[in-house]
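Each chain, written out:
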Amino acid sequence: MITENLQYFWKELPPGVKLVAVSKFHPLEAIQEAYNAGQRVFGENRPQELCQKAQTLPADIQWHFLGHLQTNKLKMVLPYAALVESVDTLHLLSEIDRWGRANDKVIPVLLELHIGAEKTKQGFTEEEVLELLFRAEEFRFVRFCGLMGMASHTDDAATVDADFARIADFFAYLRDLFPELSDFSELSIGMSGDWRLAIPHGATIVRIGTAIFGERSL
Ligand SMILES: *Cc1c(COP(=O)(O)O)cnc(C)c1O
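A quick note: this is a predicted structure, and the numbers were derived from the prediction, not measured.

Student: Can you help me understand unusual backbone geometry in this one?
Tutor: Generally, phi is negative for residues other than glycine and the peptide bonds are trans, each holding for most cases. Although it is not a glycine, Phe25 adopts a positive phi angle of roughly 70°. Within the element layout of this structure, Phe25 appears in the loop between β1 (18-22) and α2 (28-37). The phi dihedral of Asp104 falls on the positive side, at around 50°, and the residue is not glycine. Along the polypeptide, Asp104 turns up in the loop between α5 (90-103) and β5 (107-113).

Student: Got a minute to help me understand the side chain of His26 in this structure?
Tutor: Tracing the sequence through the fold places His26 in the loop between β1 and α2. Judged by relative accessible area, His26 falls into the buried class, the value being 8%. Beyond its immediate sequence surroundings of up to four residues, His26 is in contact with Ile31, Glu49, Lys53, Phe213, Gly214, Glu215 and Arg216.

Student: When you look at the packing of aromatic side chains in this model, what are you seeing that I'm missing?
Tutor: One pair of aromatic rings is described through two measures. These are the centre distance and the angle between the planes. With the rule as written, the count across this model stands at 7 aromatic pairs. Ring plane angle 70° and centroid distance 5.0 Å describe the contact between Phe134 and Phe178, whose orientation is recorded as edge-to-face. Pair noted here: Phe134 is in helix α6 (residues 126-134) and Phe178 is in the loop between α7 (157-177) and β7 (186-188), with a separation of 44 residues, a long-range link. By relative accessible area, Phe178 is classed as buried at 4%. Pairing Phe170 with Tyr173 gives two aromatic rings, centres 6.3 Å apart and planes at 25°, and the pair type is stacked. Separated by 3 residues within a single helix, Phe170 and Tyr173 lie in helix α7, roughly one turn from each other. The ring centre of Tyr35 lies 3.6 Å from the NZ or CZ of Arg40, which sits over that ring.

Calculation criteria
- Residues numbered from 1 in each chain as written.
- Predicted model: local features only at pLDDT ≥ 70, side-chain atom pairs only at ≥ 80, totals over all residues.
- Heavy atoms only, no water.
- Helix = DSSP H or I, 4+ residues; strand = E, 2+ residues; numbered from the N terminus.
- Buried < 20%, exposed > 50% of the residue type's maximum accessible area, 1.4 Å probe, protein only.
- Contact = heavy atoms within 4.5 Å.
- Phe/Tyr/Trp six-rings, centres within 6.5 Å; stacked < 30°, edge-to-face > 60°.
- Lys NZ or Arg CZ within 6 Å of the ring centre and 35° of its normal.

Encoded structure:
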């Protein structure tokens, strides 16, 4: 099934939209099957799980980190992550920069924007992202690659569409305002339940778990 599901997404996604196969909570065999089918980009949201999988599975996999990242876990994630999609505090950003400096490695990141309605949802406000990008050059070991966001958790397509419209507008605004950030080109929106709504808003990355690997057993 995993191979068929991947083939479906490769066929349906427009060129230029990167598919991240979100493999969190799924075993090595499932990832290996997806890898054998040709998938190379995977997403994980727990540091230890990412670290263990990255050390075991083929080295040409690109791992995206998608979860809440505590600063004491950076060493489990930053050596392996091709992209940290979930930078959500200034403190985390500063610590990533510090780790990059110490390890002479520039870390590609997305800033996670709080867009959905849920109070618990993590992420920066728009004002915080603006403040931070005005100071972007202070973070010499961070590469700002774009924005990540999650829409409200609802079946109401109009609400989700409005969430995606808002982040897409803000993304376009930032690209105009900060042309010197030449890598600021990724908009990571869309998951199993709402990716079709994300595409017309210019998603460049979709993060698909359940629709590829099935339900997660927690
Ligand atoms: C788990 C997760 C996904 C994938 O969710 P599905 O609904 O299973 O596709 C995408 N993005 C983030 C940030 C996640 O934590």
